[in-house]
Amino acid sequence: MADQLITPEQADRILVRGDVVVQTPSAAQERPPERSPLIIEALGYLGGVIILVASSLIASLYWDQVATAARLVIVGGVAAVLLAAGFAVPERLKDVGVRFRSVVWLLSTGAFSGFVGMLGADALNMAAEDVFQLTSSCVAAYAAGLWLISRTLVQQLTLMVGAMLTAAALTNALAASDALPGFAVWGVALVWLLLGWGGLLEPSRLVMVCGAAGMFIGAMTTIPAHAGIVLALVTAAAVVSTAVLFRDLLLLAVGALGTLQVLPASVIELFPGDLAAPIALLVVGTLLVGAGLFIARRRHIKPETGPPAHDFSVGTPVAAITAAGVVGTTVTAAIVTLAVI
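What counts, and at which threshold
- Residues numbered from 1 in each chain as written.
- Predicted model: local features only at pLDDT ≥ 70, side-chain atom pairs only at ≥ 80, totals over all residues.
- Heavy atoms only, no water.
- Phe/Tyr/Trp six-rings, centres within 6.5 Å; stacked < 30°, edge-to-face > 60°.
- Helix = DSSP H or I, 4+ residues; strand = E, 2+ residues; numbered from the N terminus.
- Buried < 20%, exposed > 50% of the residue type's maximum accessible area, 1.4 Å probe, protein only.
- Lys NZ or Arg CZ within 6 Å of the ring centre and 35° of its normal.
- 1 Å grid on protein atoms, 1.4 Å probe; cavity = no way out; pocket = protein on both sides within 12 Å on 5 of 7 lines; lining within 4 Å.
- Points joined across faces, edges and corners; volume = space filled by probe spheres on them.
- Nonpolar A, V, L, I, M, F, W, Y, C, P; charged D, E, K, R; others polar.

Draft legend 1. Examining the packing of aromatic side chains more closely. Across all of its chains, the model carries three aromatic pairs by this definition. Ring geometry for F183 versus W186: centroids 5.8 Å apart, planes at 15 degrees, classification stacked. On the criterion of helical spacing, the pair formed by F183 and W186 is a turn pair, its members being three residues apart in helix 7 (residues 180–197). For the pair F183 and W186, a shared accessibility class is recorded, and that class is buried. A cation over a ring is seen here: R101 above W105, with NZ or CZ 6.0 Å from the ring centre. Taking NZ or CZ as reference, R151 lies 4.5 Å from the ring centre of W147, over its face.

Put into structure tokens, the structure is as follows:
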């Protein structure tokens, strides 16, 4: 009641119940907000930036003079130190500690990818395609382990990128078409979006947004193949339509940015000319502005009385797993079929 969270009448009713522990205003002592965790976080980020700058300067001056074994020890040591630093973050820091650990482990993953890349290229003398496959698969496994320990959004996105790169590397090993690795990336991103839609990956909204962005990245790498252009245009239409159906402005923003990247390249490939791309951008831009206004207006309209409509923006785990399985199977079968043909 002293904090104005309840009224005096509500306080009297709580006291009458007798089964609620009540803290009187005199017993409550206000504590100033703790600033030390924020200072620790800021110092950690600043120190990390300084370490990266110093490492870059040292590498630019003396890296060519360092033996391969020493390079592996240095880069692997950096990855190990950053990994240990993440484990050393005390639990009492709570949200600040979680954010700091996420960033440190992200840097550790980057250093680990450099270690594996140098191991394959310099120590084992592997071909570039094999180094790419080795690095992407090892990074995906490393990121998966960190995500199982700390299920934060940063670790999850790192795992998603690792899975996308692994799918691209495995598809590239088939040596069938330059567009197939992008199609594999598109499939992984779509599976990720569906798992976020079903609540299997949290936070669902941001997972769906990141999955949509990954779909655009995969679709863009399939252009200028005609099938890739169709895939890119279908992706743009699907993401924007889904954003309108779900009334999600953030997803609509991703769809708009992706469409801005996909549409000009697709129109230039399909309809070479000076006016084709500007006219297409004008039409699509108008439609996107209308979609944004529609979502903004619908979000402020109170629902009509009656039985509640089904909310399609929130899926069930069963539906998400089923859809993800269908997408994964279809994309894999299409890649194998095109590779054989």
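Draft legend 2. Structural detail: unusual backbone geometry. A cis amide bond links E202 with the next residue in sequence, P203, at an omega value of -5 degrees. Of note, P203 is situated in the loop between helix 7 and helix 8 (204–220). Even without being glycine, N125 reaches a positive phi, approximately 55 degrees. Its identity as a non-glycine residue notwithstanding, R247 has a phi of 60 degrees, on the positive side. Mapped onto the elements, R247 comes out in the loop between helix 9 (226–246) and helix 10 (249–270).

Draft legend 3. Seen up close, the layout of surface pockets. Taken as a whole, the largest pocket encloses approximately 730 Å³ of empty space. As for the largest pocket, its lining consists of 29 residues, of which I51, L52, S55, V78 and L82 are closest to the centre. At the level of elements, helix 2 (36–62), helix 3 (68–88) and helix 4 (95–123) are the ones that each hand at least two residues to the lining of the largest pocket. Among the elements that take part in the lining of the largest pocket, helix 2 stands out by supplying 13 residues, more than any other. Residue composition of the lining of the largest pocket, grouped by class: 22 nonpolar, seven polar and no charged.

Coordinates in, geometry out; function isn't part of it.
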